[in-house]
Amino acid sequence: MAEINIALIGYKFMGKAHSNAYRQVSHFFPGKLQPRLRVICGRDRAGAKAAARQYGWEEVETDWRKAVERRDVQVVDICTPGNLHHDIALAAAAAGKHVICEKPLANSLAEARAMLKAVEKAGVCHMVMHNYRKVPAVAFAKRLIEDGTMGDIYHYHGAYLQDWIMDPNFPLVWRLDKKVAGSGALGDIGSHALDLAQYLNSDITAVASQMTTFIKERPLPADGAGAWGAKGKKGKGKVTVDDDANFLAHFKNGSVGVFEASRFCGGRRNYNTFQIYGSKGSLAFNLERMNELELYSQADAAGRQGFRTINVTESHHPYVGAWWPPGHIIGYEHTFIHAVHDFLVALEKDSLPEPNFRDGARDQAVLEAVELSAQSGRWEKVAR
Ligand SMILES: NC(=O)c1ccc[n+]([C@@H]2O[C@H](COP(=O)([O-])OP(=O)(O)OC[C@H]3O[C@@H](n4cnc5c(N)ncnc54)[C@H](O)[C@@H]3O)[C@@H](O)[C@H]2O)c1
């Protein structure tokens, strides 16, 4: 098994999830390439060192440019807030490194397109971490759509709902600053919902949206994190992103869509869901019960029709054969392992994994159209 050296930029939430994926992937999906956790990067040396120890990275850098330019690194993995994705990806591509980037791909469509151009020009492998495509139940839903089980799709309902900032005293973290995050619920979780929609159904061609910020000011974070200046600074700052974004959509295949992304839905901790209604059947998925897929089939005998719940844990279901016997369920972290596995296979085969920067840019075009529509109050076409 050949080793491939990784540089990971950003060591917190996603840094932890990706580190775990690199450590686990070869145990369950042995292939020709094994990731080596070469260097982890964060601005704070002590924090980066602690992460390196905990997650098993060999070395630490505090300047992402140095990490990207290292000769002993072949893959750059971007786990920072969105305002850095573009610059790091461009530097990585220029240095001839393969790139994995967290979602949303960028903070604007122009940035996303420049990133796509850069990786294509450099001829490197690229992936955007829309990891929910890698849930076995979601990949199985894709199979059912592609093999015609669902017939023609009429409706797509996508919702990604959370509730972690409902307290008005929750601080002004970076996700609430447009300059850093690009947008709020829309880009953070709505991007996942629309990536699933464009993957499972078809391209979104036009949207009509509204975006709302319920809590307009919040306390500055005690640790000075984000763009609000010094540690210990007291007072409140302005929230510059949406708390909720919802929109109607037209799809290229003639179906219609309804979407909502919100962080103000009490009790919904990580409620990433879709419902798909087709001429032959319907599907429903909820990430909080991620091993299950609900299926309704018109082909069932009269009097026996109704939604059934499939436990997507059989060895013939996507990715599942590498794990445990039927009914021995998997979880959130496995989605990142599956994504890294797909990335390594693509590297082995000199092909392009999915989702890649093309998908990321395609999603970014919808994000931009949603923002435009919320401002104009009209339907807006998605730029292609
Ligand atoms: N795929 C998913 O389901 C998922 C889930 C959460 C977050 N994300 C995405 O992952 C990215 C990171 O989010 P997170 O939740 O891990 O954030 P986080 O705040 O937990 O971590 C951000 C990391 O970036 C580092 N960082 C910031 N500026 C830096 C710089 N100049 N140089 C080096 N490091 C820097 C911070 O030190 C920190 O380690 C975002 O794009 C976010 O949208 C994706």
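Up top you'll find the structure we're talking about.
Keep in mind that this is a model prediction, so the values were computed, not measured.

1. Details of the overall build of the chain
Phase 1 of the analysis: Each helix and strand counted, the chain has 10 helices and 17 strands in total.
Phase 2 of the analysis: Taken against the 2.2 N^0.38 rule, which gives 21 Å for 384 residues, the C-alpha radius of gyration of the chain at 21 Å falls within 12% of a compact globule.
Phase 3 of the analysis: Taken along the three principal axes of its C-alpha coordinates, the chain extends 65 × 55 × 40 Å.
Phase 4 of the analysis: When burial is assessed residue by residue, the chain has 57% of its 384 residues classed as buried.
Phase 5 of the analysis: In the structure as shown, the chain presents an accessible area of about 16,900 Å², 50% of it carried by carbon and sulfur atoms.
Phase 6 of the analysis: Across the chain, the 47 positively charged side chains and the 43 negatively charged ones have centroids separated by 4 Å.

2. A short note on the pattern of salt bridges
Phase 1 of the analysis: Using the criterion set out here, one finds 23 salt bridges in the structure.
Phase 2 of the analysis: One salt bridge connects Asp72 with Arg38, and the closest N-O pair in it is separated by 3.0 Å. Taken together, the residues span a long stretch of sequence, with Asp72 in the loop between helix 3 (64–69) and strand 4 (75–78) and Arg38 in strand 2 (residues 33–41) at a distance of 34 residues.
Phase 3 of the analysis: Residues joined by salt bridges that share partners form a network here, namely Glu3, Arg36, Arg38, Glu58, Glu59, Glu61, Arg70 and Asp72.

3. Examining the sheet that holds strand 4
Phase 1 of the analysis: The strand order across the open sheet built from 6 strands is 3-2-1-4-5-6, with neighbouring strands paired in parallel fashion. Unpaired on one side and paired on the other, strand 3 (59–61) and strand 6 (126–128) mark the two borders of the sheet. Taking each pair of neighbouring strands and ignoring which way they run, the sheet shows an average axis angle of 25 degrees.
Phase 2 of the analysis: Where strand 5 (residues 98–101) meets strand 6, 3 bridges bridge the pair, whose relative direction is parallel. Across the sheet, Ile100 pairs through a bridge with Met127, a residue of strand 6.

4. Describing the site of the ligand
Phase 1 of the analysis: If you check the shell around the ligand, you find 26 residues, and the closest are Tyr11, Met14, Lys103, Trp174 and Arg175.
Phase 2 of the analysis: In the model, a nitrogen atom of the ligand is placed 3.3 Å from a nitrogen or oxygen of the Arg43 side chain.
Phase 3 of the analysis: Between a nitrogen atom of the ligand and a side-chain N or O atom of Glu102, the distance comes to 3.0 Å.
Phase 4 of the analysis: For the ligand, whose accessible area on its own is 840 Å², the fraction buried by protein is 89%.
Phase 5 of the analysis: Where the shell around the ligand is concerned, the elements lending two or more residues are helix 1 (13–28), helix 8 (185–200) and helix 9 (332–349).
Phase 6 of the analysis: Broken down by class, the residue content of the shell around the ligand amounts to 14 nonpolar, 6 polar and 6 charged.
Phase 7 of the analysis: Per-domain counts for the shell around the ligand show at least three residues from each of domain 1 (2–130) and domain 2 (133–354 + 362–376).

5. Here we look at the side chain of Ser373
Phase 1 of the analysis: Note that Ser373 resides in helix 10 (residues 357–376).
Phase 2 of the analysis: You can call Ser373 buried: its relative accessible area is 1%.
Phase 3 of the analysis: Ignoring anything within four residues of it in the chain, the contact list for Ser373 reads Val207, Ala208, Ser209, Arg378 and Glu380.

6. A word on the sheet that holds strand 11 (residues 244–251)
Phase 1 of the analysis: Taken together, the 9 strands give an open sheet; going across it, the order is 16-15-14-13-7-12-11-8-17, and neighbouring strands pair in mixed fashion. Bordering the open sheet on either side are strand 16 (308–311) and strand 17 (380–381), each of which pairs with just one other strand.
Phase 2 of the analysis: Where strand 8 (residues 204–212) lies against strand 17, 2 bridges are found, and the strand directions are antiparallel. If you follow Ala206 over to strand 17, its bridge partner there is Lys381.
Phase 3 of the analysis: Each of strand 7 (153–161), strand 13 (271–278), strand 14 (281–286), strand 15 (292–297) and strand 16 touches helix 6 (residues 136–146); the most contacted strand, strand 15, lies at about 25 degrees to it.
Phase 4 of the analysis: Against the sheet, helix 10 contacts strand 8, strand 11 and strand 17, and its axis sits at roughly 55 degrees relative to strand 8.

7. A word on helix 6
Phase 1 of the analysis: For helix 6, the tally of buried residues reaches 9 of 11 residues, placing the bulk of the element in the interior.
Phase 2 of the analysis: Considered for burial, the residues of helix 6 that qualify are Pro136, Ala137, Val138, Ala139, Phe140, Ala141, Lys142, Leu144 and Ile145.
Phase 3 of the analysis: Positioned one or two residues after helix 6, Gly148 has a phi angle of 90 degrees, which is positive.

8. Side note on the packing of helix 5 (residues 109–122) against helix 10
Phase 1 of the analysis: For the pair helix 5 and helix 10, interaxial distance at closest approach is 9 Å and the crossing angle is 170 degrees. Of the possible angle classes, the one that applies to helix 5 and helix 10 is roughly antiparallel. Of the residues in helix 10, those touching helix 5 at Leu109, Ala112, Met115, Leu116, Val119 and Glu120 are Phe357, Arg358, Ala361, Gln364, Ala365 and Glu368.
Phase 2 of the analysis: Here the residues of the contact of helix 5 with helix 10 sort into 8 nonpolar, 1 polar and 3 charged.

9. Some remarks on the packing of aromatic side chains
Phase 1 of the analysis: Counted by the stated rule, this structure contains 18 aromatic pairs.
Phase 2 of the analysis: Ring centres of Tyr132 and Tyr332 lie 6.5 Å apart, and the angle between their planes is 45 degrees; on these two criteria the pair is classed as tilted. Taken together, the residues Tyr132 in the loop between strand 6 and helix 6 and Tyr332 in helix 9 connect sequence positions 200 residues apart.
Phase 3 of the analysis: Measuring from centroid to centroid gives 5.9 Å for Tyr156 and Phe251, while their planes differ by 55 degrees, and the two rings are tilted. Residue Tyr156 is located in strand 7, and its partner Phe251 is located in strand 11; the two are separated by 95 residues in the primary sequence. Exposure class is identical for Tyr156 and Phe251. Each is buried.

Conventions adopted
- Residues numbered from 1 in each chain as written.
- Predicted model: local features only at pLDDT ≥ 70, side-chain atom pairs only at ≥ 80, totals over all residues.
- Heavy atoms only, no water.
- Helix = DSSP H or I, 4+ residues; strand = E, 2+ residues; numbered from the N terminus.
- Rg over C-alpha atoms; globule rule 2.2 N^0.38 Å.
- Buried < 20%, exposed > 50% of the residue type's maximum accessible area, 1.4 Å probe, protein only.
- Areas by Shrake-Rupley, 256 points an atom, 1.4 Å probe, with all protein chains shown as cover.
- Lys, Arg positive; Asp, Glu negative; His and termini not counted.
- Charge placed at Lys NZ, Arg CZ, Asp CG, Glu CD.
- Salt bridge = Lys/Arg side-chain N within 4 Å of Asp/Glu carboxyl O.
- Pairing = 2+ DSSP bridges.
- Axes fitted to C-alpha atoms, helices over the stretch in contact; angles between N-to-C directions.
- Near = heavy atom within 4 Å.
- Polar contact = N/O pair within 3.5 Å; in protein donor to acceptor, adjacent residues only side chain to side chain.
- Nonpolar A, V, L, I, M, F, W, Y, C, P; charged D, E, K, R; others polar.
- Domains from an automatic or database assignment.
- Contact = heavy atoms within 4.5 Å.
- Parallel < 35°, antiparallel > 145°, perpendicular 65-115°, else oblique.
- Phe/Tyr/Trp six-rings, centres within 6.5 Å; stacked < 30°, edge-to-face > 60°.

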